[in-house]
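# Geometric and topological summary
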Amino acid sequence: MTHSQPGILASLPDQARYISLQLADTGDLVAALRRLQTLADGKATVVALGQDVLRALGHDMPGLRAGPVIPGSLVPIPCHPVSLWLWLRGSDRGELLHRERQLVQALQPAFARHHSVEAFLHEQGRDLTGYEDGTENPQGDDIARVATVAVGGGDGLEGSSFVAVQQWLHDFEDFDAMSPTAQDMAIGRRRADNEELDEAPDSAHVKRTAQESFSPEAFVWRRSMPWVAGHHGGLMFVAFGSSLDAFEAQLTRMSGAEDGIVDALFRFSRPVNGAYLWCPPLRDARLDLARLGL
Ligand code: HEM
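If you're wondering where the values come from, they're calculated on a predicted model, not measured in any experiment. (Residues numbered from 1 in each chain as written. Predicted model: local features only at pLDDT ≥ 70, side-chain atom pairs only at ≥ 80, totals over all residues. Heavy atoms only, no water.)

With that out of the way, let us pick up the coordination of the iron atom of the ligand. If you check the protein contacts of the iron atom of the ligand, you find one donor only, His 205 (NE2), at 2.0 Å. Turning to its location among the elements, His 205 is positioned in helix 8 (residues 205-208). (Donors = N, O, S within 2.8 Å, 3.2 Å for Na, K, Ca; no water. Helix = DSSP H or I, 4+ residues; strand = E, 2+ residues; numbered from the N terminus.)

To continue, consider the site of the ligand. Near the ligand lie 26 residues; those nearest to it are Gly 134, Glu 136, His 205, Gln 211 and Arg 222. In this structure, Gly 134 approaches the ligand through a main-chain N or O atom, which is 2.5 Å from an oxygen atom. Between the ligand and Gln 211, the relevant distance is 2.8 Å, taken from an oxygen atom to a side-chain nitrogen or oxygen of the residue. Counting residues per element, the shell around the ligand draws most heavily on helix 9 (residues 245-254), at 4 residues. (Near = heavy atom within 4 Å. Polar contact = N/O pair within 3.5 Å; in protein donor to acceptor, adjacent residues only side chain to side chain.)

Let us now look at the side chain of Ser 255. Position of Ser 255 relative to the elements: it lies in the loop between helix 9 and strand 10 (269-271). Residue class for Ser 255 comes out buried when judged on its relative accessible area of 0%. At a separation of 3.2 Å, a polar atom in the side chain of Ser 255 contacts the main-chain amide nitrogen of Ala 257. If we ignore the near neighbours within four places in the chain, the residues touching Ser 255 are Ile 70, Ser 73, Leu 74, Val 75, Ile 77 and Val 262. (Buried < 20%, exposed > 50% of the residue type's maximum accessible area, 1.4 Å probe, protein only. Contact = heavy atoms within 4.5 Å.)

On to the pairing of strand 9 (residues 232-241), then. For a regular strand, side-chain orientation follows a simple rule: the groups alternate between the two sheet faces. Buried residues dominate strand 9, accounting for 9 of its 10 residues. Note: strand 6 (residues 161-170) against strand 9, 8 bridges, orientation antiparallel. When the sheet's bridge partners are listed, Gln 167 is paired in strand 9 with Met 236. Taken together, the 2 bridges between strand 7 (residues 221-222) and strand 9 define a ladder with antiparallel strand orientation. Across the sheet, the residue bridging to Arg 222 is Ala 239, located in strand 9. Pairing of strand 8 (residues 225-229) with strand 9, which is carried by 5 bridges, proceeds in the antiparallel orientation. When the sheet's bridge partners are listed, Met 225 is paired in strand 9 with Met 236. Counted along the chain from strand 8 to the antiparallel partner strand 9, the turn is 2 residues long, and its residue Gly 230 has a positive phi close to 60°. (Pairing = 2+ DSSP bridges.)

Here it is in structure tokens:
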């Protein structure tokens, strides 16, 4: 029986690490993915593969692109493709560090670590700006419907997900320079009680991204977490979906490409990278790489 990786659908962990790796030696790729199958359970360690890995194995995934490219964007949207992305979920930062070391070592020489970021749950699910994040996420059965490819989606595809990963760097000085009302108007919700503000301008983040307002409707399963590195911090934005289209529709509108209105988030935050990947499903509690001929 095929299932999605349980870590994708589960509640957010207290602590996490996001690891990006790049393909370095294709000769070892198949063996490295086999090693990964024994180490990553899809629950504590969620796995996603980039387009270059699929292509190196001679497979193309319909709908998978390397990363966001938004023609006509009025703001910089970086696209930094990643070969392999691991989301380590847990509760102890030390354990996560050691798990990362074990994985990175086991994946050599096929993959080389490119980037790793520590993330955590802040005030039960708030962004570092203090706003509740995830309120309008799907609920109940809708989570799997939105986040994964449905039954009948194709051989080795059922239960898999597409994921958009975009690290946002906040400028806290810019944010602090805004009045509390201007901050609420930028998000489109009141920080104090999370109430949606009808009077917010069209640039307000929740007006830009209102999922029912797109045609077709653009629902995503957001699993973002705050991150810190030294004195820098922001949001590791992560959206799972049955395709990448909903995320890209939202980002397009946020970027101003559609109507010239840029999302007010850009007044105090900006994406510093961005990649799209594919999360294989599980079969018999192991990563199912049948789609890749493994
Ligand atoms: C600095 C980065 C970001 C921050 C701090 C942020 C924060 C928030 C907050 C506070 C909400 C309101 C509560 C909720 O429904 O979750 C929200 C909603 C939402 N955000 Fe973001 N977000 C960020 C980036 C993005 C990006 C890049 C996308 C997609 C391209 C996105 C898509 C959404 C969606 C779909 C909603 C729900 C809209 C609705 O249907 O009401 N966000 N975000």
